[in-house]
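Now for the letters of each chain:
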Amino acid sequence: EPEVTQTPSHQVTQMGQEVILRCVPISNHLYFYWYRQILGQKVEFLVSFYNNEISEKSEIFDDQFSVERPDGSNFTLKIRSTKLEDSAMYFCASRGWGAGNNEQFFGPGTRLTVL
Amino acid sequence: SQQGEEDPQALSIQEGENATMNCSYKTSINNLQWYRQNSGRGLVHLILIRSNEREKHSGRLRVTLDTSKKSSSLLITASRAADTASYFCATDRVKTSYDKVIFGPGTSLSVIP
């Protein structure tokens, strides 16, 4: 069964460093998303992406964040200068096109630890 | 404002019992989805119910949706220890297609063997 994959599963970085989180969405999906979940809290929306541009972003998604679909398969989230409060689980999700494809399928997540 | 709110926040039952979790939301929706998350792990999609559906079944799962009350329930029948996890409802708004989903805070379910 097709699934969303994410790498790495765990990333440890020093405050101020740049990190890139990688996702491979399900191959025929067209809509892509990043969410995050701070430990013990609920899952929060960061950004949605369609047709090579951002569709919507939350107030969390400030200038330190960027997304890119560098090729036909990868979807990346970059944090330019990490802060302690960026420590969280980051989930990528994708969704197909059409009325019958309403489910968002999530990857296993990348746990980001900022020291 | 929060779109989804689950209750109870925590639920502890004996194996074999049924578990019922509820979700309320504030704005009109296209769909409501339920996800499961084992501790520190990823989000597993359980079931989606559309706004024009009232009930849906999948294995031991039964989901209901009452759009007049803006609420949904997830029933897990004959629970097993492996059902121990957090359960989240997530909604997308009527306003836009292919919208993000908004999660509630979740219900933590413990099934005691």
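Residues numbered from 1 in each chain as written. Chains lettered and ligands numbered in written order. Predicted model: local features only at pLDDT ≥ 70, side-chain atom pairs only at ≥ 80, totals over all residues. Heavy atoms only, no water.

Student: Describe the overall build of chain B, with residues and values.
Tutor: Along its length, chain B carries 0 helices and 11 strands. Starting at the N terminus and ending at the C terminus, chain B contains elements arranged as β-β-β-β-β-β-β-β-β-β-β. The C-alpha radius of gyration of chain B comes to 13 Å, within 12% of the 13 Å expected for a compact globule of 113 residues. Here the C-alpha coordinates of chain B stretch approximately 45 × 30 × 20 Å along the principal axes. (Helix = DSSP H or I, 4+ residues; strand = E, 2+ residues; numbered from the N terminus. Rg over C-alpha atoms; globule rule 2.2 N^0.38 Å.)

Student: Could you give an account of the sheet that holds strand β8 (residues 75-79) of chain A, with specific residues and numbers?
Tutor: Residue and element names in this part refer to chain A. Reading across from one edge, β1-β3-β8-β7 is the order of the 4 strands in this open sheet, with antiparallel pairing throughout. Among the strands making up the open sheet, the edge pair consists of β1 (5-7) and β7 (65-68). This sheet shows a mean twist of 20° between the axes of neighbouring strands, independent of strand direction. In this structure, β1 lies alongside strand β3 (residues 19-24), joined through 3 bridges in antiparallel fashion. Bridge pairing in β3 links Thr 5 to Val 24. (Pairing = 2+ DSSP bridges. Axes fitted to C-alpha atoms, helices over the stretch in contact; angles between N-to-C directions.)

Student: Any details on the interface of chain B and chain A? Residues and values, ideally.
Tutor: On the chain A side, the residues contacting the 22 residues of chain B number 23 residues. The junction of chain B with chain A conceals about 1,800 Å² of combined surface from both sides, 52% of it contributed by carbon and sulfur atoms. Its largest share of buried area at the contact with chain A, chain B owes to Leu 43, Tyr 98 and Lys 100 of chain B, together 37% of the area lost on that side. Here chain B and chain A share 2 salt bridges between them. (Contact = heavy atoms within 4.5 Å. Buried area = accessible area lost by both parts, 1.4 Å probe. Salt bridge = Lys/Arg side-chain N within 4 Å of Asp/Glu carboxyl O.)

Student: Before we move on, could you go through the pattern of salt bridges and cite the residues and values that matter?
Tutor: Residues and elements named next belong to chain A. For the structure shown, the criterion picks out 6 salt bridges over all chains. Of the charged contacts in the structure, one is a salt bridge between Arg 36 and Glu 44, with a shortest N-O distance of 3.3 Å. Overall, Arg 36 belongs to the buried group, its relative accessible area being 10%. (Buried < 20%, exposed > 50% of the residue type's maximum accessible area, 1.4 Å probe, protein only.)

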